[in-house]
Amino acid sequence: MDYYTSHKISEHVTQITSLTNEFLYLIEGEREAALIDTCLGIGNLRAFVENLTKKPLTVILTHGHVDHAMGAPEFDRVYMSSKDNPVFMEHKALEVRKEYIAMALGDRTPKLEDKDFVSVMNPNFEELQEGDSFDLGGIHLEIYAAGGHTPGTMAILIAEERTLILGDACNHSTFLFDKNSYSVEKYQQSMQQLDVQTRGKYDRVYLCHHEAEASGEILQQIIILCREIMNRETDDIPFEFMGQKSYFAKAVDKNLKRLDGGLGNIIYDTNKIFEE
(Lines give C-alpha, C1' and ligand atoms only; values in the text may rest on other atoms or scores of the structure.)
Protein backbone atom coordinates (compact mmCIF):
# COMPACT_ATOMS: atom_id res chain seq x y z
CA MET A 1 0.00 0.00 0.00
CA ASP A 2 1.46 3.35 -1.06
CA TYR A 3 0.22 5.29 1.95
CA TYR A 4 2.67 8.20 1.60
CA THR A 5 4.08 10.34 -1.18
CA SER A 6 6.62 13.15 -0.94
CA HIS A 7 8.13 16.10 -2.76
CA LYS A 8 10.62 18.82 -1.91
CA ILE A 9 9.09 22.22 -1.24
CA SER A 10 12.32 24.01 -0.37
CA GLU A 11 16.01 23.31 -0.02
CA HIS A 12 15.56 21.92 3.50
CA VAL A 13 11.90 20.82 3.64
CA THR A 14 10.11 17.81 2.16
CA GLN A 15 6.33 17.65 2.26
CA ILE A 16 4.95 14.17 2.93
CA THR A 17 1.29 13.58 2.03
CA SER A 18 -0.69 10.68 3.45
CA LEU A 19 -3.43 8.70 1.71
CA THR A 20 -5.93 10.49 3.98
CA ASN A 21 -4.43 13.80 2.81
CA GLU A 22 -2.60 15.01 5.89
CA PHE A 23 0.62 16.94 5.30
CA LEU A 24 3.73 16.07 7.30
CA TYR A 25 7.01 17.95 7.02
CA LEU A 26 10.53 16.55 7.04
CA ILE A 27 13.08 19.27 7.78
CA GLU A 28 16.80 18.58 7.27
CA GLY A 29 19.81 20.46 8.55
CA GLU A 30 23.44 19.62 8.03
CA ARG A 31 23.58 17.17 10.96
CA GLU A 32 20.03 16.15 11.91
CA ALA A 33 16.46 16.00 10.67
CA ALA A 34 13.05 16.63 12.23
CA LEU A 35 9.69 15.17 11.24
CA ILE A 36 6.63 17.27 12.01
CA ASP A 37 3.69 14.94 12.82
CA THR A 38 3.17 11.25 12.15
CA CYS A 39 -0.38 10.74 10.83
CA LEU A 40 -2.53 7.71 11.79
CA GLY A 41 0.06 5.04 12.43
CA ILE A 42 -0.38 3.12 9.18
CA GLY A 43 1.85 2.41 6.21
CA ASN A 44 5.26 2.14 7.92
CA LEU A 45 6.04 5.84 8.07
CA ARG A 46 9.45 5.27 9.63
CA ALA A 47 10.67 3.22 6.68
CA PHE A 48 9.30 5.84 4.29
CA VAL A 49 11.14 8.65 6.10
CA GLU A 50 14.37 6.64 6.32
CA ASN A 51 14.32 6.37 2.54
CA LEU A 52 14.30 10.17 2.42
CA THR A 53 17.05 10.86 4.97
CA LYS A 54 19.72 8.95 6.85
CA LYS A 55 20.26 11.71 9.42
CA PRO A 56 19.38 11.25 13.11
CA LEU A 57 15.69 12.04 13.42
CA THR A 58 13.59 13.90 15.98
CA VAL A 59 9.79 13.81 15.79
CA ILE A 60 7.82 16.90 16.84
CA LEU A 61 4.05 16.52 17.22
CA THR A 62 2.02 19.67 16.66
CA HIS A 63 -0.75 18.13 18.79
CA GLY A 64 -2.21 14.84 19.95
CA HIS A 65 -5.07 14.19 17.54
CA VAL A 66 -5.62 10.87 15.75
CA ASP A 67 -4.48 12.15 12.35
CA HIS A 68 -1.24 13.68 13.64
CA ALA A 69 0.20 11.64 16.48
CA MET A 70 -0.59 7.94 16.13
CA GLY A 71 2.52 7.02 14.15
CA ALA A 72 4.76 8.36 16.90
CA PRO A 73 5.52 4.97 18.54
CA GLU A 74 7.47 3.99 15.40
CA PHE A 75 10.13 6.52 16.35
CA ASP A 76 12.71 6.73 19.13
CA ARG A 77 12.74 10.44 19.97
CA VAL A 78 9.34 12.16 20.07
CA TYR A 79 8.29 15.52 21.51
CA MET A 80 4.73 16.60 22.35
CA SER A 81 3.19 18.98 24.86
CA SER A 82 1.91 17.03 27.86
CA LYS A 83 -1.15 19.30 27.77
CA ASP A 84 -2.31 17.05 24.93
CA ASN A 85 -1.82 13.76 26.78
CA PRO A 86 -5.59 13.42 27.46
CA VAL A 87 -6.32 14.13 23.79
CA PHE A 88 -3.82 11.49 22.68
CA MET A 89 -5.30 8.92 25.07
CA GLU A 90 -8.81 9.50 23.69
CA HIS A 91 -7.73 9.27 20.06
CA LYS A 92 -5.37 6.31 20.20
CA ALA A 93 -8.16 3.71 20.25
CA LEU A 94 -8.18 1.51 17.16
CA GLU A 95 -11.89 2.18 16.65
CA VAL A 96 -11.26 5.93 16.45
CA ARG A 97 -8.51 5.47 13.90
CA LYS A 98 -10.63 3.16 11.73
CA GLU A 99 -13.56 5.57 11.90
CA TYR A 100 -11.35 8.44 10.82
CA ILE A 101 -9.99 6.53 7.80
CA ALA A 102 -13.49 5.48 6.72
CA MET A 103 -14.71 9.06 7.05
CA ALA A 104 -11.76 10.43 5.07
CA LEU A 105 -11.68 7.88 2.25
CA GLY A 106 -15.20 6.48 1.98
CA ASP A 107 -15.35 3.74 -0.65
CA ARG A 108 -11.62 4.23 -1.31
CA THR A 109 -10.79 2.86 2.15
CA PRO A 110 -8.24 0.04 1.79
CA LYS A 111 -8.81 -3.31 3.45
CA LEU A 112 -6.92 -3.08 6.72
CA GLU A 113 -6.35 -5.57 9.48
CA ASP A 114 -5.56 -4.69 13.08
CA LYS A 115 -1.94 -5.72 12.52
CA ASP A 116 -1.60 -3.00 9.87
CA PHE A 117 -1.84 -0.33 12.57
CA VAL A 118 1.01 0.78 14.80
CA SER A 119 0.40 -0.37 18.37
CA VAL A 120 -0.01 2.91 20.22
CA MET A 121 1.55 3.29 23.66
CA ASN A 122 0.78 5.82 26.34
CA PRO A 123 2.17 9.28 25.53
CA ASN A 124 5.51 8.97 27.31
CA PHE A 125 7.08 11.58 25.06
CA GLU A 126 9.72 14.23 25.66
CA GLU A 127 8.10 17.46 26.84
CA LEU A 128 7.54 20.11 24.15
CA GLN A 129 7.24 23.66 25.46
CA GLU A 130 7.06 27.17 24.14
CA GLY A 131 10.57 28.57 23.82
CA ASP A 132 12.14 25.21 22.93
CA SER A 133 14.50 25.21 19.97
CA PHE A 134 16.07 22.47 17.87
CA ASP A 135 19.42 22.92 16.14
CA LEU A 136 19.56 20.63 13.11
CA GLY A 137 22.84 22.09 11.88
CA GLY A 138 22.43 25.39 10.07
CA ILE A 139 18.65 25.09 10.42
CA HIS A 140 16.92 26.04 13.68
CA LEU A 141 13.36 25.26 14.71
CA GLU A 142 11.63 27.54 17.23
CA ILE A 143 8.56 26.35 19.15
CA TYR A 144 5.59 28.60 19.92
CA ALA A 145 2.44 27.87 21.91
CA ALA A 146 -0.63 27.92 19.66
CA GLY A 147 -3.34 26.49 21.90
CA GLY A 148 -6.96 26.45 20.83
CA HIS A 149 -7.52 23.53 18.49
CA THR A 150 -6.16 21.52 21.42
CA PRO A 151 -4.63 22.83 24.65
CA GLY A 152 -1.13 21.74 23.68
CA THR A 153 -1.08 22.70 20.01
CA MET A 154 2.29 24.12 18.94
CA ALA A 155 3.52 26.09 15.92
CA ILE A 156 7.02 25.61 14.50
CA LEU A 157 9.13 28.35 12.94
CA ILE A 158 11.93 27.32 10.57
CA ALA A 159 14.03 30.37 11.33
CA GLU A 160 16.48 30.40 8.41
CA GLU A 161 13.76 29.67 5.86
CA ARG A 162 11.40 32.24 7.38
CA THR A 163 8.66 29.63 7.34
CA LEU A 164 5.93 29.10 9.95
CA ILE A 165 4.23 25.71 10.25
CA LEU A 166 0.79 26.42 11.72
CA GLY A 167 -0.58 22.92 11.15
CA ASP A 168 -4.10 22.81 12.58
CA ALA A 169 -3.58 25.77 14.90
CA CYS A 170 -4.98 28.14 12.29
CA ASN A 171 -6.10 26.96 8.87
CA HIS A 172 -8.87 26.97 6.26
CA SER A 173 -11.27 25.14 8.58
CA THR A 174 -9.90 25.41 12.10
CA PHE A 175 -11.70 22.88 14.33
CA LEU A 176 -12.71 24.59 17.57
CA PHE A 177 -15.73 22.54 18.60
CA ASP A 178 -14.24 19.60 20.47
CA LYS A 179 -14.58 19.37 24.25
CA ASN A 180 -10.81 19.84 24.49
CA SER A 181 -10.81 22.98 22.32
CA TYR A 182 -10.67 26.53 23.64
CA SER A 183 -13.58 28.92 23.53
CA VAL A 184 -13.44 31.39 20.64
CA GLU A 185 -12.51 34.16 23.07
CA LYS A 186 -9.60 32.24 24.58
CA TYR A 187 -8.49 31.06 21.14
CA GLN A 188 -8.36 34.65 19.89
CA GLN A 189 -6.09 35.55 22.81
CA SER A 190 -3.83 32.61 21.97
CA MET A 191 -3.59 33.59 18.30
CA GLN A 192 -2.92 37.23 19.20
CA GLN A 193 0.00 36.14 21.35
CA LEU A 194 1.33 33.91 18.56
CA ASP A 195 1.02 36.79 16.11
CA VAL A 196 2.97 39.15 18.35
CA GLN A 197 5.72 36.59 18.91
CA THR A 198 6.19 35.60 15.27
CA ARG A 199 5.40 38.77 13.33
CA GLY A 200 8.20 39.73 10.99
CA LYS A 201 9.88 36.34 11.32
CA TYR A 202 8.20 34.49 8.43
CA ASP A 203 7.22 34.90 4.79
CA ARG A 204 5.67 31.49 4.16
CA VAL A 205 3.03 29.50 6.06
CA TYR A 206 2.38 25.76 5.89
CA LEU A 207 -0.70 23.89 7.09
CA CYS A 208 -1.58 20.21 7.58
CA HIS A 209 -4.85 19.89 5.64
CA HIS A 210 -6.57 20.88 2.37
CA GLU A 211 -3.81 23.11 0.95
CA ALA A 212 -0.25 22.88 2.22
CA GLU A 213 0.76 26.52 1.71
CA ALA A 214 -1.34 29.45 2.87
CA SER A 215 -1.12 33.20 2.72
CA GLY A 216 1.13 34.80 5.31
CA GLU A 217 -1.89 36.85 6.38
CA ILE A 218 -4.00 33.90 7.54
CA LEU A 219 -3.11 34.31 11.21
CA GLN A 220 -4.16 37.96 11.28
CA GLN A 221 -7.35 37.11 9.37
CA ILE A 222 -8.32 34.37 11.82
CA ILE A 223 -7.97 36.84 14.70
CA ILE A 224 -10.39 39.18 12.91
CA LEU A 225 -12.77 36.25 12.37
CA CYS A 226 -12.76 35.51 16.09
CA ARG A 227 -13.95 39.06 16.73
CA GLU A 228 -16.68 38.62 14.12
CA ILE A 229 -17.85 35.44 15.84
CA MET A 230 -17.99 37.20 19.20
CA ASN A 231 -19.95 40.05 17.56
CA ARG A 232 -22.25 37.43 15.92
CA GLU A 233 -21.36 38.62 12.43
CA THR A 234 -21.23 35.08 11.04
CA ASP A 235 -23.05 32.79 8.59
CA ASP A 236 -23.16 29.76 10.95
CA ILE A 237 -23.38 26.98 8.38
CA PRO A 238 -24.11 23.59 10.08
CA PHE A 239 -21.29 21.04 10.03
CA GLU A 240 -20.97 17.53 11.47
CA PHE A 241 -17.74 15.60 12.00
CA MET A 242 -17.53 12.10 13.51
CA GLY A 243 -20.83 12.65 15.34
CA GLN A 244 -20.06 16.16 16.60
CA LYS A 245 -22.29 19.02 15.46
CA SER A 246 -20.92 22.52 14.98
CA TYR A 247 -20.92 25.49 12.59
CA PHE A 248 -18.70 27.05 9.95
CA ALA A 249 -18.32 30.69 10.89
CA LYS A 250 -18.27 31.70 7.21
CA ALA A 251 -19.96 29.97 4.28
CA VAL A 252 -17.68 27.90 2.03
CA ASP A 253 -17.69 26.24 -1.37
CA LYS A 254 -17.14 22.53 -1.99
CA ASN A 255 -13.37 23.05 -1.65
CA LEU A 256 -13.83 24.71 1.77
CA LYS A 257 -12.85 28.15 0.45
CA ARG A 258 -14.75 31.03 1.96
CA LEU A 259 -17.40 32.46 -0.34
CA ASP A 260 -16.57 35.97 0.82
CA GLY A 261 -12.94 35.54 -0.27
CA GLY A 262 -11.59 35.75 3.26
CA LEU A 263 -8.62 33.76 4.57
CA GLY A 264 -9.07 31.02 7.14
CA ASN A 265 -12.23 29.80 8.80
CA ILE A 266 -13.37 28.47 12.15
CA ILE A 267 -15.73 25.59 12.86
CA TYR A 268 -17.04 26.14 16.35
CA ASP A 269 -19.63 25.34 18.99
CA THR A 270 -22.04 28.25 19.38
CA ASN A 271 -22.18 27.44 23.09
CA LYS A 272 -18.41 27.97 23.46
CA ILE A 273 -17.87 31.48 22.22
CA PHE A 274 -16.94 33.26 25.46
CA GLU A 275 -14.99 32.17 28.51
CA GLU A 276 -17.22 31.36 31.45
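As shown above, the structure is provided for reference.
Residues numbered from 1 in each chain as written. Predicted model: local features only at pLDDT ≥ 70, side-chain atom pairs only at ≥ 80, totals over all residues. Heavy atoms only, no water.

Caption draft 1: Geometry of unusual backbone geometry. One non-glycine residue, aspartate 37, lies in positive phi territory at about 75°. For cysteine 39, which is not glycine, the phi torsion reads 65° and is therefore positive. In this fold, cysteine 39 is placed in the loop between strand 4 (33-36) and helix 1 (45-50). For cysteine 39, a relative accessible area of 0% corresponds to the buried category. (Helix = DSSP H or I, 4+ residues; strand = E, 2+ residues; numbered from the N terminus. Buried < 20%, exposed > 50% of the residue type's maximum accessible area, 1.4 Å probe, protein only.)

Caption draft 2: View of the sheet that holds strand 8 (residues 133-135). Across the sheet, which stays open at both edges, the 6 strands sit in the order 8-9-10-11-13-14 with mixed pairing between neighbours. Each having just a single partner strand, strand 8 and strand 14 (213-214) make up the two edges of the open sheet. Note: strand 13 (residues 204-207) against strand 14, 2 bridges, orientation antiparallel. Paired with valine 205 across the strands is alanine 214, a residue of strand 14. Set on the sheet, helix 5 (residues 184-198) makes contact with strand 9 (140-145), strand 10 (154-158) and strand 11 (163-167); between it and strand 9 the angle comes to about 150°. (Pairing = 2+ DSSP bridges. Contact = heavy atoms within 4.5 Å. Axes fitted to C-alpha atoms, helices over the stretch in contact; angles between N-to-C directions.)

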